[in-house]
Amino acid sequence: MSVITFFRKLSDAINKVCLTICVALLGAMVVTTSVQIICRVFFTAISWSEELARYFLIWTSLLGAGCVYKSGSNIAVLFVQGLLPQGLKKFAKILVHILCGFFFALAIYHGTRYMGMMGIQKSAALHIPMKFMYLAIPLGCGIMEFHVIDAILGEIFGKEGEES
């Protein structure tokens, strides 16, 4: 198995896991918010549900961003790219992936530092160590960084390992 095929298969597997987690987190967020609404209307409001739903949203957003990047569904301005000749289009795509990779690397670095600084703090209602909430930044950006490497390899060497 070539390195490119390995990266593609691993990237696909990571993407499937992230999609599954995102669906579960979205479902949990809907249930938590629904229970909160029912309790607020008929009983007493639950103090921790809003915080939990917020953390579900954060994790879903950062893991989901990796899924969006993997599928190429992110917002893009293709006007300039459409004006380029075919050879430069490939170069432009690789350059965009490299710039995204640089941004993700910075986010991983600073997210890890911030996670370390806030690691001893606990959340207000759930009393969960905040390092678990801030872990979403380096983990989500790390997944996107992995997808960047897969995309660059795919652009340079072709979409080897992709099913037709």
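What counts, and at which threshold
Residues numbered from 1 in each chain as written. Predicted model: local features only at pLDDT ≥ 70, side-chain atom pairs only at ≥ 80, totals over all residues. Heavy atoms only, no water. Helix = DSSP H or I, 4+ residues; strand = E, 2+ residues; numbered from the N terminus. Rg over C-alpha atoms; globule rule 2.2 N^0.38 Å. Buried < 20%, exposed > 50% of the residue type's maximum accessible area, 1.4 Å probe, protein only. Contact = heavy atoms within 4.5 Å. Core = buried A, V, L, I, M, F, W, Y, C linked by side-chain atoms within 4.5 Å. Lys, Arg positive; Asp, Glu negative; His and termini not counted. Salt bridge = Lys/Arg side-chain N within 4 Å of Asp/Glu carboxyl O. pLDDT = per-residue confidence, 0-100.

From N to C terminus, the protein chain includes six helices and zero strands. Along the chain direction, N to C, the helices and strands of the protein chain fall in the order α-α-α-α-α-α. For 164 residues, the compact-globule estimate of 2.2 N^0.38 gives 15 Å, and the protein chain exceeds it by more than 25% at 20 Å. With the C-alpha coordinates of the protein chain rotated into their principal frame, the extents come out at 65 × 35 × 35 Å. With 164 residues in all, the protein chain has 35% of them scored as buried. Sequence separation of 24 or more characterises 76% of the internal contacts of the protein chain that already satisfy a separation of 6 or more.

Core analysis: the biggest nonpolar cluster contains 17 residues, and C18, F56, W59, L63, M130 and M133 have the highest contact counts within it. At the level of secondary structure, the elements contributing two or more residues to this core comprise α1 (3–42), α2 (49–71), α5 (131–134) and α6 (136–157). In terms of residues, this core owes the most to one element, α2, which gives seven residues. Once residues lying within four places of it in the same chain are set aside, the contact partners of C18 are L63, C67 and I143. Within the second largest apolar cluster, seven residues are counted, among which are C141, M144, V148 and I152.

Within the secondary structure, E145 is located in helix α6. For the buried E145, no salt bridge exists, and the shortest N-O distance to an oppositely charged side chain is 14 Å, to K70. What E145 contacts, discounting residues up to four positions off in sequence, is G101, F104, A105 and I108.

Moving on, we come to the confidence of the model for the protein chain. Looking at the protein chain, pLDDT values average 90 and 96% of them are 70 or higher. When pLDDT is averaged over each element of the protein chain, α2 comes out on top at 95 and helix α3 (residues 79–83) at the bottom at 79.

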